[in-house]
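Okay, here's what each chain looks like letter by letter:
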Amino acid sequence: MSTERYNAREAEPRWQKIWDERGIFRTRNDDPRPKYYVLEMFPYPSGRIHIGHGRNYVMGDVVARFKRMKGFNVLHPMGWDAFGLPAENAAIERNTHPGKWTYENIATMREQLKLLGLSLDWSREIATCDPEYYGEQQRIFLEFLKGGFVYRRESEVNWDPVDNTVLANEQVIDGRGWRSGALVERRKLAQWFFRITALAQELLDGLDTLDRWPDKVRLMQRNWIGRSEGLHVRFALENAAPELPREVKVYTTRPDTLFGASFLALSPGHPLTEALAANDPALAAFVEECRRGGTSTAEIETQEKMGYDTGLKVAHPLGGPHLPVYVANFVLMEYGTGAIFGCPAHDQRDLDFARKYGLPVTPVVLPPGADPAEFEIGDVAYDGEGTLYHSGFLDGLSIPDAKEAVAAKLEKQILGNDAVGERAVNFRLRDWGISRQRYWGCPIPIIHCESCGPVPVPEDQLPVRLPDDVSFDAPGNPLDRHPTWKHVNCPQCGGPARRETDTMDTFVDSSWYFARFASEPGTAPLQRGAADHWLPVDQYIGGIEHAILHLLYSRFFIRALKKLGRVSLEEPFAGLFTQGMIVHETYKDPEGRWLFPEEVEKREDGTPVKAGTSEPVTIGAPEKMSKSKKNVVPPEIVADTFGVDCARWFMLADTPPERDSEWTSAGIEGAWRFVQRIWRLVGDTAALTPADIARPESFGPESIALRRATHKLAAQVADDVERLRFNVAVARVHAFANVFGDVLIAARKAGNVPADLAFALREAARFLVAVVAPMVPHLAEECGTLLGGTGLVAEAAWPLVEPDLLVDDTVTLPIQINGKRRGEITVPKDAAPADVEKAVLELDLVAQALDGRAPKRIIVVPQRIVNVVA
RNA sequence: GCGGGUGUGGCGGAACCGGUAGACGCGGCGGACUCAAAAUCCGUUUCUGGUGACAGAGUGUCGGUUCGAGUCCGACCACCCGCACCA
């Protein structure tokens, strides 16, 4: 009998060292086994990790270790999303260099991650701030430029006045910068864009192929891309000054409501608006007022519709009355044509506008069953289905038929030289602005020349490296202020020119790193052969917060790279899993200061106090672990007390992986007990049975029962892990330990252990160790040694399941009488329903219930249930 | 406003296709071992009534389909998430 406790603190570093020395997690591209690529979203090196960061890495590690045991050549790499604003902020605050700060953080966090015992191939580690990495990214940028996926234009940008940078639309949350929280302003700048909209339809269609993605994420992307089908309609301007355009084009998804139109509205940013405003100070002032309007959620919701009557009129293309042309604050320049026709009766925004400016409200869609003489629009527009009326040739048609009829008619109608109407598809998706006025990012490899314009940096001059000697003592972009860096000669004409001083959005860095990992260390960063071999990532794991941006950008990148011949695939991530966060209680002292969990202790009566004092502590609701609220647990503390296997076990247990999980001391103690329990079960088995026991000819009932449980365990846990149902896998291991423990105790009491049972016990221990190995790998190695194994458990195969042992000979069926469970019956597994029925009717409890009458009906569901209807 | 999700004991949560609701863990209670404690082990733990075998109720609410509903359908309530003046 083993009496010693499992000493995780001693064993864990020892096994980590052995794994490392033998290089067993190093992956080779020429390995003949089938490939499996598992990847967790790489971290930003912000400083230190806490246990809350560990959950997705542990989940990925379970998958990686499991797949290795199942015979796959597994790629499981790690890297660093290393460019970004915090490094610059740290540089400003601490008077250091962003690179130094970043690489120091990487060193710290690498050691912390290693503490978790992750089976990572560290030889493939990358940081996106390595010149080799961003040099390849510059090459990709130039290929995108050549291939038409990059362009430059003047654009109104979201300007973050605190971080002094441009933000993507996606980085503006409630009108504030996603990092600084500052209210975003609008400015016009020349910006570089990735033409993601060129692939909008493909990116939408591709979602249908991603059957191992969560539906939620696919839906979010679908909505983000936002496809709509409608009609472009050109309206002739009646009374415009000669220098103005002759027409206005609008986009509508409701051409059926054209007879209900009562006005046209232009966006404040529309070219016609600008042209009019040049000679109309009042309009110019109105446009200015619209600009000032905030973009925050609350403001948009409460913002009143504002309009300015330009005095212009347009003709109705279907012969209705002429319509006034307004400029309106609610019309977006970025969507459609920046101009709309307003149909107040059937669009809430138009209705609000019409009521405010006294415009007609003419319903043209009659709800089913409504009386045309009575139906009126009050404060709510009607956007349901119905039948067209008040609409000339459309009267009586359904909405879809009316849409079609209008489109067909206007396609043939001519205004000037073109058709009045043209069917059009619109997307909500906008092109991706990637220019950032920041130092710590990938330089955009362009040189601006007075005479040649923007010129690509020649291939042999890549990478364009960031200068090291920069200062952060003034606001703005250090690259722009650098005395020499930007001054170069034009590669085309040789004349004086200046470098592009903008750097790329860091989302560019993370849009292809998974392809970089495919290349062996020391080889070119993006190789078609290697990328095609390893990609797509078989299982990608990360937070739901990246459901749109990172994942959509990466999908765009791979598709663009394919079109440029750099890779052969279309979708980078075949399987996606979004894991929940780890949350923890928060603690505050009487002054309202946050306390770390280790600063809090419980008195005997259960009240929490500040450690070593009698100051009361307020316990707050569990929240996402964060440094600012101090509700963090550093991995070192866990490693030094319970061991990281306990942390791993706890992170996998109880809560489904996609939900948030609360870290508690009770939970980690429970994990500790179970780790010790496995250790004891294995140790007791090793003491009770000989290591070299041969498989006996036959097994007694007790041994068969144990073996059935053993083999079912291996089969079911394999299935659970494949489906990432770690909490269920953990529960099964617990249940098995209960069965195993009972048999073990009985065997020990009996004194002598027959050979067949000894074999079954050994087998149970071996299986148990293998099954938990992906989850608690250090303990598994230690147990492996205990059982007299010579090789590493980390390199062992998943146990071979004997299919005969998965099915039982008999089944116990519940007996229901009138749908209520009244008893049960045990029958042979493949008993005929008629025989089961007969056996059931012979039972006393059934006879009693029937009380001499014949049953109305008996339903026998083989292997499930018997229901007697009395 | 639009779209999506969730709701099961004191708690985290199981329950594949409609077939024994509450697996497994946490916590609680009782016990064994111990001089005592820790550790470990055993029993018990949905609620109500009953000493008990047992009976009744029970998966947010109301209704429906079915021999049978946590699971399917309809309406509603609560909470969570995403998008948000996208014409």
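Residues numbered from 1 in each chain as written. Chains lettered and ligands numbered in written order. Predicted model: local features only at pLDDT ≥ 70, side-chain atom pairs only at ≥ 80, totals over all residues. Heavy atoms only, no water.

## Observations regarding the overall build of chain A
Secondary structure summary: chain A contains 26 helices and 39 strands in total. With the C-alpha coordinates of chain A rotated into their principal frame, the extents come out at 110 × 90 × 65 Å. The 870 residues of chain A split such that 53% are buried. A separation of at least 24 residues holds for 72% of the contacts in chain A among residues at least 6 apart in sequence. Summed over its atoms, the accessible surface of chain A is roughly 38,800 Å², and 50% of this surface lies on carbon and sulfur atoms. For chain A, the distance from the average site of its 100 positive side-chain charges to the average site of its 121 negative ones is 2 Å. (Helix = DSSP H or I, 4+ residues; strand = E, 2+ residues; numbered from the N terminus. Buried < 20%, exposed > 50% of the residue type's maximum accessible area, 1.4 Å probe, protein only. Contact = heavy atoms within 4.5 Å. Areas by Shrake-Rupley, 256 points an atom, 1.4 Å probe, with all protein chains shown as cover. Lys, Arg positive; Asp, Glu negative; His and termini not counted. Charge placed at Lys NZ, Arg CZ, Asp CG, Glu CD.)

## Details of the environment of N105
With respect to the helices and strands, the residue N105 is situated in helix 4 (residues 98–115). In sequence terms N105 and R48 are 57 residues apart; their C-alpha atoms lie 7.0 Å from each other. If sequence neighbours within four positions are ignored, N105 has contacts with P45, S46 and G47.

## Section: the protein's contact with RNA strand B
For RNA strand B, the set of nearby residues contains 50 residues, the closest of which are T253, K305, R349, R725 and R864. Per the 4 Å cut-off to the protein, sugar and phosphate atoms form 61% of the nearby atoms of RNA strand B. One of the side-chain nitrogen or oxygen atoms of R822 is found 3.5 Å away from a phosphate oxygen of RNA strand B. Between RNA strand B and R857 there is a distance of 3.1 Å, counted from a phosphate oxygen to a side-chain nitrogen or oxygen. Along the lines of polarity and charge, the residues of the surface near RNA strand B split into 19 nonpolar, 13 polar and 18 charged. (Near = heavy atom within 4 Å. Polar contact = N/O pair within 3.5 Å; in protein donor to acceptor, adjacent residues only side chain to side chain. Nonpolar A, V, L, I, M, F, W, Y, C, P; charged D, E, K, R; others polar.)

## Focus on the packing of aromatic side chains
The tally for this structure, following the rule as stated, stands at 46 aromatic pairs. Ring centres of Y37 and W534 lie 6.4 Å apart, and the angle between their planes is 75 degrees; on these two criteria the pair is classed as edge-to-face. With Y37 in strand 1 (residues 35–40) and W534 in helix 16 (residues 528–534), this residue pair connects regions lying 497 residues apart in the sequence. Relative accessible area serves as the criterion here: at 0%, Y37 is assigned to the buried category. Taking relative accessible area as the criterion, W534 reaches 0% and is therefore assigned buried. Where F235 meets F341, the ring centres are 6.5 Å apart and the plane angle is 50 degrees; that geometry is what we call tilted. Taken together, the positions of F235 in strand 10 (residues 227–236) and F341 in strand 15 (residues 339–342) put the pair 106 residues apart, joining distant regions of the chain. (Phe/Tyr/Trp six-rings, centres within 6.5 Å; stacked < 30°, edge-to-face > 60°.)

## Observations concerning the packing of helix 21 (residues 701–722) against helix 23 (residues 755–772)
In contact at an axis separation of 9 Å, helix 21 and helix 23 are set at 15 degrees when each is read in the N-to-C sense. Put simply, helix 21 runs roughly parallel to helix 23. The handedness of the crossing between helix 21 and helix 23 comes out as left-handed. Residues E702, S703, L706, R707, T710, H711, L713, A714 and V717 of helix 21 pack against D756, L757, F759, A760, L761, E763, A764, F767, L768 and V771 of helix 23. Across the contact of helix 21 with helix 23, the residue classes break down as 12 nonpolar, three polar and four charged. (Axes fitted to C-alpha atoms, helices over the stretch in contact; angles between N-to-C directions. Parallel < 35°, antiparallel > 145°, perpendicular 65-115°, else oblique. Left-handed = near helix turned anticlockwise from the far one by under 90°.)

## Topic: the sheet that holds strand 26 (residues 496–499)
Spatial ordering of the open sheet is given by 24-23-26-25, a layout of four strands whose pairing is antiparallel. Unpaired on one side and paired on the other, strand 24 (453–456) and strand 25 (487–489) mark the two borders of the sheet. With strand direction ignored, the average angle separating the axes of adjacent strands in the sheet is 40 degrees. (Pairing = 2+ DSSP bridges.)

## Quick look at the packing of helix 19 (residues 644–652) against helix 24 (residues 777–786)
The geometry of helix 19 relative to helix 24 is characterised by a closest axis approach of 7 Å and an angle of 120 degrees between their N-to-C directions. Taken together, the axes of helix 19 and helix 24 lie oblique to each other. Of the residues in helix 24, those in contact with V644, D645 and R648 of helix 19 are P777, H778 and L779. Residues that form the contact of helix 19 with helix 24 fall into these classes: three nonpolar, one polar and two charged.

## Observations regarding the sheet that holds strand 6 (residues 165–167)
On the basis of which strands lie adjacent, the open sheet formed by four strands has the order 6-5-9-21 and antiparallel pairing. The sheet is open, and its two borders are formed by strand 6 and strand 21 (432–433), each paired with just one other strand. Here three bridges tie strand 5 (residues 150–160) to strand 6, and the two strands are oriented antiparallel to one another. Following the sheet pairing, W159 is matched in strand 6 by V166. Across the sheet, helix 5 (residues 131–146) lies against strand 5 and strand 9 (185–194), angled at about 85 degrees from strand 9, the strand it touches most.

## Notes on empty space enclosed by the protein
The tally for this structure, following the rule as stated, stands at two cavities of 30 Å³ or more. Of the voids in this model, the second largest cavity is the one considered here, and its volume is about 60 Å³. Of the residues contributing to the lining of the second largest cavity, the split by class is seven nonpolar, no polar and three charged. (1 Å grid on protein atoms, 1.4 Å probe; cavity = no way out; pocket = protein on both sides within 12 Å on 5 of 7 lines; lining within 4 Å. Points joined across faces, edges and corners; volume = space filled by probe spheres on them.)

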